[in-house]
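Residue-level structure breakdown
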Amino acid sequence: MKTIVFAFIAALVFLLADVCFADKAVIVLYRSGCDYFIAKGRSGFYLLEWYGGYDPSEGDLIFGAIDSYGFHEAYYPSLDTEGNIYVEDYWLSKSQALEEYIEYCQ
């Protein structure tokens, strides 16, 4: 019984640590016909590309490792679901994010 309780507590700590150290942002621009979207977080704006799973919408809160380039799993807490994203760029100014978005979504 102690082993089960310990395993449960260890799993809970692992999950909470993952969420605590993940970046969070709100999706501020996502238009149909383009897989790229912009999210705004504490460190600036992020240019992200949807790669499967939940297809986010403007206003969605996103948690994940969005402060590094590459493929990552994202978590959308309001829907308790996940999706796959590619971080194209991060810590951008608003004008930089819009400029890059337009470049990819003409």
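Residues numbered from 1 in each chain as written. Predicted model: local features only at pLDDT ≥ 70, side-chain atom pairs only at ≥ 80, totals over all residues. Heavy atoms only, no water.

Glancing now at helix α2 (residues 94-104). Note: α-helices contain 3.6 residues per turn, so residues at a spacing of three or four share the same orientation. Burial in α2 covers these residues: Ala97, Glu100 and Tyr101. Seen from one end, α2 has its buried residues packed into an arc of 105°, which puts them on one side. In α2, the exposed residues that point more than 90 degrees away from the buried face are Ser95, Glu99, Ile102 and Glu103. The secondary structure elements touched by the buried residues of α2 are β1 (23-29), β2 (36-41), β3 (44-53) and β6 (81-92). (Buried < 20%, exposed > 50% of the residue type's maximum accessible area, 1.4 Å probe, protein only. Helix = DSSP H or I, 4+ residues; strand = E, 2+ residues; numbered from the N terminus. Arc of directions from axis to C-beta. Contact = heavy atoms within 4.5 Å.)

Low pLDDT marks regions whose predicted coordinates should not be analysed in detail. In this model, the protein carries a mean pLDDT of 86, and residues with pLDDT of at least 70 account for 80%. The model gives residues 10-19 a pLDDT under 50, and that stretch makes 1 contact with residues more than four places away or in other chains. (pLDDT = per-residue confidence, 0-100.)

With that settled, consider the sheet that holds β1. Read around the closed barrel, 6 strands run β1-β2-β3-β6-β5-β4, paired in antiparallel fashion. For this sheet, the mean inter-axis angle between neighbouring strands, taken without regard to orientation, is 45°. The sheet contact formed by β3 and β6 spans 6 bridges and is antiparallel. Counterpart to Phe45 in the pairing with β6 is Leu92. (Pairing = 2+ DSSP bridges. Axes fitted to C-alpha atoms, helices over the stretch in contact; angles between N-to-C directions.)

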